[in-house]
Amino acid sequence: MTAAGWHLAGRSAAETWALVATELSAAVRSGRHPFHVFTIATLGLDGSPRSRTVVLRGFDGAAREIHFHTDARSPKAAELARDGRVALHWYDPTGRLQIRITALATLHHEDSIARQAWEAAAPMSRGCYTSPAAPGTPLPEVPPAPPPAGPDSTRGRACFAVVCCRFDAVELLALHATGHERLRLDLGGDVPTATILAP
Ligand SMILES: Cc1cc2nc3c(=O)[nH]c(=O)nc-3n(C[C@H](O)[C@H](O)[C@H](O)COP(=O)(O)O)c2cc1C
């Protein structure tokens, strides 16, 4: 990626996917990366769309998986348990690139994936899961910041969940004064293929 923006024309599908994969891997590691946070939309229990910001915690290009962490008591956890269909969205205003992914999410709670991620999580991040009140509970006042939690924090660990979002395609929109480029990368076959779309 360059500050001048993304140029998709002239690259093979494999090269474009490698570029996207490099950026999403970097975004997991750096809180300053424009793709470190993203929007995930779920289907609400009443069937209406729900979206919110989450932190990108894992990217596996070979498995085509995106991971984030959440509170197992949150409304989105119940929504994902009922219907795992999700839409993921990023936009980098400097690179002027939008990424959209449609995925199938699986909630991992009190299993080996959740336990491994809990042990690797920073104490400050673990602290977010120690609140006695489930996310979305009405409160009489703003609660104090949770203290950092150790790996053996019983409440934190019990509320911590990992969401794995599995996908087969990525859609890119790169904005340019000379003409916007919109591309769908299909990743489910032996090699990536690209389809140019009207922007
Ligand atoms: C910058 C930012 C990062 C966030 N990261 C997460 C996250 O990684 N996981 C999460 O569950 N909520 C995260 N949140 C809070 C969610 O956006 C949301 O408010 C909360 O999870 C409740 O969502 P729900 O009611 O749809 O379940 C973040 C919010 C912001 C503004």
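Residues numbered from 1 in each chain as written. Predicted model: local features only at pLDDT ≥ 70, side-chain atom pairs only at ≥ 80, totals over all residues. Heavy atoms only, no water.

Asks: Is there a simple way to think about the site of the ligand in this case?
Replies: Taken together, Arg52, Thr53, Val54, Val55, His69, Thr70, Ser74, Pro75 and Lys76 are the residues near the ligand. Within the contact set of the ligand, an oxygen atom lies 2.7 Å away from a backbone nitrogen or oxygen of Thr53. Within the side chain of Lys76, an N or O atom sits 2.6 Å from an oxygen atom of the ligand. Taking 620 Å² as the accessible area of the ligand by itself, protein coverage stands at 58%. Within the residue set of the shell around the ligand, elements represented by two or more residues are strand 2 (49-55), strand 4 (65-71) and helix 2 (75-82). Considering every element that reaches the shell around the ligand, the biggest residue donor is strand 2, with 4 residues. When the residues that make up the shell around the ligand are grouped by side-chain class, the tally is 3 nonpolar, 4 polar and 2 charged. (Near = heavy atom within 4 Å. Polar contact = N/O pair within 3.5 Å; in protein donor to acceptor, adjacent residues only side chain to side chain. Areas by Shrake-Rupley, 256 points an atom, 1.4 Å probe, with all protein chains shown as cover. Helix = DSSP H or I, 4+ residues; strand = E, 2+ residues; numbered from the N terminus. Nonpolar A, V, L, I, M, F, W, Y, C, P; charged D, E, K, R; others polar.)

Asks: Help me understand the pairing of strand 5 (residues 85-92), please; the structure alone is not making it clear to me.
Replies: Judged by which residues are buried, strand 5 turns out to be one-sided: Val86, Leu88, Trp90 and Asp92 face inward and are buried, whereas Arg85, Ala87, His89 and Tyr91, on the alternate face, are not. Relative to strand 5, strand 1 (residues 37-43) is paired through 3 bridges, and the arrangement is antiparallel. Paired with Ile40 across the bridge in strand 5 is Leu88. Inspection of the sheet shows strand 5 paired to strand 6 (residues 97-109) by 8 bridges, in the antiparallel sense. Across the sheet, the residue bridging to Tyr91 is Gln98, located in strand 6. Hairpin connection, strand 5 to strand 6: the antiparallel pair is bridged by 4 residues, and Arg96 has positive phi, about 55°. (Buried < 20%, exposed > 50% of the residue type's maximum accessible area, 1.4 Å probe, protein only. Pairing = 2+ DSSP bridges.)

Spatial relationships are all this shows, so hold off on functional conclusions.
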